[in-house]
Amino acid sequence: MTESPLATPAAGTDAPVPAASGARRFWRRLRAQRAALVAAAVVALLVLVALAAPLLTALEGQDPFTYHPSLIDSARGGVPVGSLGGIDAEHWLGVEPQTGRDLFARLVYGARVSLGVALAATVIQVAIGVAVGVAAALGNQWVDQLLSRITDIIVAMPLMIMSLALLAVVPASFPRPVLVTLVIGLIAWGSIAKIVRAQTLSMKGLDYVSAARLSGWKTWRIARRELLPGLAAPVITYAALLVPMNISVEAALSFLGVGVKPPTPSWGQMLTAADVWYQAAPQYLLLPAGALFVTVLALTVFGDGVRTALDPRAASRLRIGTGRKDKDAATATATATATAAAEATATDADATKKEATA
């Protein structure tokens, strides 16, 4: 039985592997993937920008809510005055059309909303999914059937349609970032519950779990000490891929007008107002769209890197930065096979020669 809450059984055995050793192997495999490291650096930078948004806007001397009517040309329909959307020493990325609000300030504060909603929704999804999946796998037949049918219903629900319906009926006084977080988290946990249930069922028959049961451990203790550590790898992997998906959902809901409401800045909400300005002020559309693209791409690549590091038997689906390594590995394997075959042939020839001499 495992003593460390992070220890997991070694492949092909029931002996636990120390958590520290497993963590070192994970970091070594993750460091070997250059694309995943670059993506992790980009994600860390985005999180740092979101956390330091008040400091960054203070350095610029602006805020995301103040209107600057003197910086827009009313005669031209509200187009920013000056070149490149009004970029100058006081407005690093220019200003919004019609309002004159600082675009840099709204972009960095929008990162707080988009990343915060995605991360919080992912935590809710993981918590509910793990609880339901483990309870279904360890419960009796009736509990398993009931929770499995509920999970099937949740999975079958169209996320966007359900989110639109729920967000449309909730009073406008309710904080929209919190509401979007709750809606995404409470609707989209079905897939992770199915993964956790299947993984838990496969682990129930392992020797160290059976030994814990024969020792008189309660079901909750077995789940906490023996099963949850083994679920860490698939749960972390799936959670890393859920974050970019939730960012896209939040942006889509805000773009459709039922997510984050003005004046609260959000990348999706900025895109909603920018769709008619892509010719007169293209940076108003390109900046939030580019931020969304970079964030989702970085999180997707990092999530794939985490998946590959936790399960080295599974090759990267993105194949970024791995082509040369795969080619070198294939070459080394072919060389080793050819060498072994040559040595075997030489050994057989020597044996045949000795028999003929005898």
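Preceding this section is the structure that the text describes.
Being a predicted model, the structure only gives us computed values, none of them experimental.

Rules used throughout
Residues numbered from 1 in each chain as written. Predicted model: local features only at pLDDT ≥ 70, side-chain atom pairs only at ≥ 80, totals over all residues. Heavy atoms only, no water. Axes fitted to C-alpha atoms, helices over the stretch in contact; angles between N-to-C directions. Helix = DSSP H or I, 4+ residues; strand = E, 2+ residues; numbered from the N terminus. Left-handed = near helix turned anticlockwise from the far one by under 90°. Contact = heavy atoms within 4.5 Å. Nonpolar A, V, L, I, M, F, W, Y, C, P; charged D, E, K, R; others polar. Patch = residues over 30% accessible without salt bridge, like charges linked within 9 Å, V, L, I, M, F, W, Y side chains within 5 Å. Areas by Shrake-Rupley, 256 points an atom, 1.4 Å probe, with all protein chains shown as cover. Salt bridge = Lys/Arg side-chain N within 4 Å of Asp/Glu carboxyl O. Buried < 20%, exposed > 50% of the residue type's maximum accessible area, 1.4 Å probe, protein only. Arc of directions from axis to C-beta.

**Student:** Would you take a moment to explain the packing of helix H4 (residues 103-138) against helix H7 (residues 176-187) for this structure?
**Tutor:** Each pair of packed helices gets described by two things: the angle between the helix axes and the distance between those axes. Closest axis-to-axis distance for the H4/H7 pair is 8 Å, and the angle between their directions is 35 degrees. Along this stretch, H4 crosses H7, giving a crossing that reads as right-handed. Contact residues: H4 offers Val-117, Ala-120, Ala-121, Ile-124, Gln-125 and Ile-128, while H7 offers Pro-177, Val-180, Thr-181, Leu-182, Ile-184, Gly-185 and Leu-186. Within the contact of H4 with H7, the residues separate by chemical class into ten nonpolar, three polar and no charged.

**Student:** Any chance you could explain a nonpolar patch on the surface here in plain terms?
**Tutor:** Side chains of Phe-174, Val-178, Leu-182 and Leu-186 sit close together on the surface and give an oily, nonpolar patch of about 320 Å² of accessible area. Within the secondary structure layout, Phe-174 lies in the loop between helix H6 (159-169) and H7.

**Student:** Even after reading the chapter, I still don't get helix H3 (residues 53-60), so can you show me in this structure?
**Tutor:** At 3.6 residues per turn, the α-helix brings residues three or four places apart onto the same side. Of all the positions in H3, only Ala-53, Thr-57 and Glu-60 are classed as buried. For H3, the angular spread of the buried residues around the axis is 55 degrees, confining them to a single face. Away from the buried face of H3 by more than 90 degrees, exposed residues Leu-55, Ala-58 and Leu-59 are located. Of the surrounding elements, those touching the buried residues of H3 are helix H2 (34-51) and H4. Phi turns positive one or two residues past the end of H3, at Gly-61, with a value near 85 degrees.

**Student:** Sorry if this is basic, but what is going on with H6 here?
**Tutor:** All buried positions along H6 are accounted for by Leu-159, Ser-163 and Leu-167. Seen from one end, H6 has its buried residues packed into an arc of 50 degrees, which puts them on one side. Of the residues in H6, the exposed ones pointing more than 90 degrees away from the buried face are Ile-161, Ala-168 and Val-169. On the buried face of H6, the contacting elements are H7 and helix H10 (219-255).

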